[in-house]
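Summary of structural features
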Amino acid sequence: MPLIKFKALADFPPGAVEQVESGEALYAVCNVDGELHCIEGTCPHAGGPLGEGNLHGNYVVCPWHGWEFDCRTGLNDSDEDVKLSTFPVVVHDGVVHIDVP
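My aim in this report is to walk through the structure given alongside it, one point at a time. (Residues numbered from 1 in each chain as written. Predicted model: local features only at pLDDT ≥ 70, side-chain atom pairs only at ≥ 80, totals over all residues. Heavy atoms only, no water.)

**So, the sheet that holds strand E5 (residues 54-56)**
Here is the rule: Strand pairing is assigned whenever DSSP detects at least two bridges linking the two strands. Secondary structure counts use DSSP, requiring at least four H or I residues in a row for a helix and at least two E residues in a row for a strand, with both numbered from the N terminus. Helix axes are fitted to C-alpha atoms over the stretch in contact, other axes to C-alpha atoms as well, and angles between N-to-C directions run from 0 to 180 degrees.
Pairing is antiparallel across the open sheet formed by 3 strands, whose spatial order is E5-E6-E7. For this open sheet the edge positions go to E5 and strand E7 (68-70), each flanked by a neighbour on one side alone. Strand-to-strand twist across the sheet, computed as the mean angle between neighbouring axes with direction ignored, equals 30°. Pairing between E5 and strand E6 (residues 59-61): 3 bridges, direction antiparallel. In the sheet register, Leu55 faces E6, and the bridge partner there is Val60.

**Quick look at the pairing of strand E2 (residues 17-22)**
For E2 and strand E3 (residues 25-32), the ladder comprises 6 bridges, and the chain directions are antiparallel. The partner of Val17 across the bridge, within E3, is Cys30. Between E2 and E3, which pair antiparallel in sequence order, lie 2 residues; one of them, Gly23, sits at a positive phi of approximately 65°.

**Examining the nonpolar core**
The cut-off we apply is this: Take the buried residues of types Ala, Val, Leu, Ile, Met, Phe, Trp, Tyr and Cys, join any two whose side-chain atoms come within 4.5 Å, and each joined set is a nonpolar core. Burial classification: accessible surface area is computed with a 1.4 Å probe over protein chains only, and a residue below 20% of its type maximum counts as buried, one above 50% as exposed, and the rest as partly exposed. Whether two residues are in contact is decided by their heavy atoms: any pair within 4.5 Å suffices.
Ranked by size, the top nonpolar core spans 14 residues in total, and within it Cys30, Ile39, Leu50, Leu55, Val60, Phe69 and Cys71 carry the most contacts. For this core, the element with the highest residue contribution is E3, accounting for 3 residues. Beyond its immediate chain neighbours, meaning those up to four positions away, Leu55 contacts Gly15, Ala16, Val17, Cys30, Asn31, Val32, Val60 and Cys71. If you look at the next biggest cluster of nonpolar residues, it comprises 13 residues, including Ala16, Phe87, Ile98 and Val100.

**Brief notes about the environment of Ile4**
Take Ile4: it is sitting in strand E1 (residues 3-8). Spatially, the C-alpha atoms of Ile4 and His97 are 5.2 Å apart, while their sequence positions differ by 93 residues. Ignoring anything within four residues of it in the chain, the contact list for Ile4 reads Val20, Ser22, Val96, His97, Ile98 and Val100.

**Remarks on the packing of aromatic side chains**
Heads up, the rule is: Here the aromatic set is Phe, Tyr and Trp, taking the six-membered ring for Trp, and pairing holds for ring centres within 6.5 Å; pairs whose planes are under 30 degrees apart are stacked, those over 60 apart are edge-to-face, and all others are tilted.
Following the criterion strictly, the structure yields 3 aromatic pairs and no others. When the ring of Tyr27 is compared with that of Phe87, the centres are 5.2 Å apart and the planes differ by 90°; the resulting orientation is edge-to-face. Linking Tyr27 in strand E3 with Phe87 in strand E8 (residues 86-87), this pair joins segments that are 60 residues apart in sequence. Comparing Tyr27 with Phe87, the two get one shared label, buried. Look at Trp67 and Phe69: their rings are 6.4 Å apart centre to centre, the planes differ by 35°, and that puts the pair in the tilted class.

**Quick notes on the pattern of salt bridges**
Formally: Here, a salt bridge means any Lys or Arg side-chain nitrogen found within 4 Å of an Asp or Glu carboxyl oxygen.
What the rule picks out here adds up to 2 salt bridges. The shortest N-O distance in the salt bridge between Lys7 and Glu18 comes to 2.9 Å. Taken as a pair, Lys7 in strand E1 and Glu18 in strand E2 lie far apart in primary sequence, 11 residues in all. Look at Lys7 and you get partly exposed, because its relative accessible area is 22%. Here Glu18 falls in the partly exposed class, since its relative accessible area comes to 26%. The salt bridge involving Asp70 is made with Arg72; its shortest N-O contact spans 2.7 Å. Overall, the relative accessible area of 46% leaves Arg72 in the partly exposed class.

Here it is in structure tokens:
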């Protein structure tokens, strides 16, 4: 999978979540207490952009209808049959990259 450059780690503080676009795909990158995670960025409920939501602990909250996903595992908070894909995050020379298809 190719590495997509996101941003400088210094510009991505703990508690932040942001959207990354690659082609037509959206990803949500999260900083949970210094641990970086990446999940699919489109909510399966109604297509909301998860990277524009909020981070509550390790959960990304969809800005459209409040669905929550654990950014470490991709699991929905109330239905473990609903799971988003997760992707590796790499920091190289102080720059955050996501490893996506």
